[in-house]
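# Structural overview
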Amino acid sequence: MMQTEVWTIGRLLEWTTDYLRKHGSETPRLDAEVLLSHACSCSRIQLYTSFAEEADEPTRTAFRELIKRRAQGTPVAYLVGHKEFYSLPFYVSPDVLIPRSETEHLVVEALDCIKQLRAKQTNPTSCLIADVGTGSGCIAAAIARHAADCRILAMDLSPSALKVAQRNFETLGLDARIDSMQSDLFQAVPDELRFDLIVSNPPYVSQSEFDQLSKSVRDYEPRLALVAGDDGLAIIDRLLNESAQRMKEGGYLMFEISPMIAPNVATRIENDSRWKLLRIVKDLAGLPRVAVVQLACTTASRGAEVPELKAPSPEEST
């Protein structure tokens, strides 16, 4: 009599790792572990303590469906509904970009900038920050968690993205200090508001670069949050222009960029007398990733100080 094959946790991981590798996953083992832990409703570490245990049929059925969808290209974060960013858990859906480790450099720069702003103030007040194109809200939330005296206005053109962001702010207990607003960059922001710091992970992918992206990005993540015209600079040009009108004197602007457009971004900034390019920060791969600039012209930055930030909710904005 033939013995029925036993599908243990360890064997499931081995088989699916090889299967996902053949279907183009760049991180097949990690994908397999994350999806199996999700199917088992346990942590990845717990998988390692139960390698020899047999997976029950409901777990195997759920896991098979997840692996099938992953092999077709669906990102793991969308399959499990969450992604860690700056050591914080974030709910994600296809309405928002999946948070990436490269963007954490933007948070590091922002927190360092906040310290510098504090050091320059004779009578420190709450730092007012704008997060332009907030998406999942990961940048705003990470800054708010580590800079408790800041007030943040998180903006996005997409009402669906704002719902995701608001859910994350509430889950993390940060909604009291982060206001959400539906806005195309600063279009809906009250004219009198002036910010100490503006941060953004704007769309910066050119059309030609978008066509070369992996299937899991190109076919699943929101195109609106990725593509910015033929050269990838359409939104960055607007961001530089509009931020100059919304910045307090001596304020900072920092935004994520693609290494492919870094030289053009530097040229744009250096040719704009309103801005001073402080640095372009490289990521862990040594690639240019974050542009940090400071307002050089003070005439546009003189605006009314607003003691309280009260932005309309996404529902009020629509």
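Further up the page is the structure itself.
The structure presented is a predicted model; accordingly, all values stated were derived computationally and were not measured.

Calculation criteria
- Residues numbered from 1 in each chain as written.
- Predicted model: local features only at pLDDT ≥ 70, side-chain atom pairs only at ≥ 80, totals over all residues.
- Heavy atoms only, no water.
- Helix = DSSP H or I, 4+ residues; strand = E, 2+ residues; numbered from the N terminus.
- Contact = heavy atoms within 4.5 Å.
- Areas by Shrake-Rupley, 256 points an atom, 1.4 Å probe, with all protein chains shown as cover.
- Lys, Arg positive; Asp, Glu negative; His and termini not counted.
- Charge placed at Lys NZ, Arg CZ, Asp CG, Glu CD.
- Buried < 20%, exposed > 50% of the residue type's maximum accessible area, 1.4 Å probe, protein only.
- Pairing = 2+ DSSP bridges.
- Phe/Tyr/Trp six-rings, centres within 6.5 Å; stacked < 30°, edge-to-face > 60°.
- Lys NZ or Arg CZ within 6 Å of the ring centre and 35° of its normal.
- Disulfide = S-S within 2.5 Å.
- Axes fitted to C-alpha atoms, helices over the stretch in contact; angles between N-to-C directions.
- Parallel < 35°, antiparallel > 145°, perpendicular 65-115°, else oblique.
- Left-handed = near helix turned anticlockwise from the far one by under 90°.
- Nonpolar A, V, L, I, M, F, W, Y, C, P; charged D, E, K, R; others polar.

### Regarding the overall build of the chain
When its secondary structure is counted, the chain shows 13 helices and nine strands. Dimensions of the chain along its principal axes, counting C-alpha atoms only, are 85 × 40 × 35 Å. Pairs at least 24 apart in sequence give 66% of the contacts found in the chain among residues at least 6 apart. As displayed, the chain has an accessible area near 15500 Å², and 51% of this comes from carbon and sulfur atoms. One way to put it: in the chain the 35 positive side-chain charges average out to a point 2 Å from where the 44 negative ones average out.

### A few points about the pairing of strand 2 (residues 88-91)
Burial of strand 2 is one-sided: the residues L88 and F90 facing one way are buried, the residues P89 and Y91 facing the other way are not. Relative to strand 2, strand 1 (residues 82-85) runs antiparallel, the two being bridged by four bridges. Its bridge partner being in strand 2, E84 is matched across the sheet by P89. Between strand 1 and strand 2, which pair antiparallel and follow one another directly, the connecting turn spans two residues, one of which, Y86, has a positive phi of 50 degrees.

### Remarks on the packing of aromatic side chains
Here the structure, examined in full by the defined rule, presents six aromatic pairs. Look at F85 and F90: their rings are 6.2 Å apart centre to centre, the planes differ by 70 degrees, and that puts the pair in the edge-to-face class. Here F186 and F195 contribute two aromatic rings whose centre-to-centre distance is 6.0 Å and whose plane-to-plane angle is 50 degrees, an arrangement assigned as tilted. Joined through ring pairs, the aromatic side chains of W7, W15 and Y19 make up one cluster. Here the basic side chain of R11 rests over the ring of W7, its NZ or CZ set 4.1 Å away from the ring centre.

### With respect to the state of the cysteines
As used in these notes, a disulfide is a covalent bond between sulfur atoms, one from each of two cysteines. One pass over the structure, following the stated rule, counts zero disulfides. Free cysteine: C127, not disulfide-bonded; nearest cysteine sulfur from C150 at 4.4 Å. We note that C138 lacks a disulfide partner, and the nearest cysteine sulfur, in C150, lies 17 Å from it.

### Here's the deal with the packing of helix 1 (residues 9-22) against helix 2 (residues 28-40)
When two helices pack together, their arrangement is captured by the angle between the axes and the distance separating the axes. Direction vectors running N to C along helix 1 and helix 2 enclose 135 degrees, while the axes themselves pass 8 Å from each other. Taken together, the axis directions place helix 1 and helix 2 in an arrangement best described as oblique. Helix-helix and strand crossings are classified by hand; for helix 1 and helix 2 the assignment is right-handed. Where helix 1 approaches helix 2, its residues I9, L12, L13, E14, T16, T17, L20 and R21 are matched on the opposing element by P28, R29, D31, A32, E33, L36 and C40. Residue composition of the contact of helix 1 with helix 2, by class: eight nonpolar, two polar and five charged.

### Re the packing of helix 2 against helix 4 (residues 57-72)
Running from amino to carboxyl end, helix 2 crosses helix 4 at an angle of 145 degrees, the nearest separation of the two axes being 9 Å. Helix 2 and helix 4 meet at a crossing whose hand is right-handed. For the pair helix 2 and helix 4, the contacting residues are D31, A32, L35, L36, H38, A39 and C40 in the first and T59, A62, F63, L66, I67 and R70 in the second. Class assignment of the residues belonging to the contact of helix 2 with helix 4 gives a composition of nine nonpolar, two polar and two charged.

### Some details on unusual backbone geometry
Note: most peptide bonds trans; most residues except glycine with negative phi. Phi at S87 is positive, roughly 65 degrees, even though this residue is not glycine. Mapped onto the elements of the fold, S87 is located in the loop between strand 1 and strand 2. Notably, L185 is not glycine yet its phi reads approximately 50 degrees, a positive angle. For L185, the location among the structural elements is in the loop between strand 5 (178-182) and strand 6 (195-200). Residue classification places L185 among the buried residues on the basis of a relative accessible area of 8%.

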